[in-house]
Amino acid sequence: MLMANPATLRNLVKRYETLRRAHARLGTSESSRHLEDISYTLCVTTGTRTVTDALAAAEAQLRAVPSAASVLSATEPSEVQLTA
C-alpha cells in the first residue's frame, strides 16, 4: 500500500478539521463544496471510502511515522560511545 507523505497527510487532516468547523459555522453551499473537496482528497490519499475511515487511516499512518524529535534523540552525542 502506498503511504502519503506525513507532512501532506497532517496538512490534509488539519485542512479538513478547519473546513469542517467553518462549514458548521457558515453552512453555505461554498463551505459545503470546500468540505466535500477536502473529504474526497483525504479519502483518495488514504485509500478509503469514508471520511471516518480516512481520518482513522491518517491517524494510524501518522502514528507509525517516528517524529523528528525521536529520530534526533536517538543520534544525540550522549548516546554515542567511541571505542578504541
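Above this text sits the structure in question.
Residues numbered from 1 in each chain as written. Predicted model: local features only at pLDDT ≥ 70, side-chain atom pairs only at ≥ 80, totals over all residues. Heavy atoms only, no water.

(A) Looking closely at helix α1 (residues 6–26). The end-to-end C-alpha distance of α1, which contains 21 residues, comes to 30 Å, matching closely the 30 Å that a straight helix rising 1.5 Å per residue would cover. Those residues of α1 not exposed but buried are L9, L12, Y16 and A22. With its buried residues spanning 150° around the axis, α1 presents them on a single face. Turned more than 90 degrees from where α1 packs its buried face, K14 and R25 sit exposed. Packed against the buried residues of α1 are α2 (29–46) and α3 (51–64). The N-cap of α1, judged by a side-chain oxygen 2.8 Å from the amide nitrogen of A7 a few residues on, is N5. (Helix = DSSP H or I, 4+ residues; strand = E, 2+ residues; numbered from the N terminus. Expected span 1.5 Å × (residues − 1). Buried < 20%, exposed > 50% of the residue type's maximum accessible area, 1.4 Å probe, protein only. Arc of directions from axis to C-beta. Contact = heavy atoms within 4.5 Å. Polar contact = N/O pair within 3.5 Å; in protein donor to acceptor, adjacent residues only side chain to side chain.)

(B) Focus on the environment of E17. Inspection of the secondary structure puts E17 in helix α1. The spacing of E17 and S39 is 22 residues in sequence and 10.0 Å in space, taken between C-alpha atoms. Polar contacts involving the side chain of E17 include one to the side chain of R20, which spans 2.5 Å.

By themselves, these are just geometric observations and shouldn't be taken as functional.
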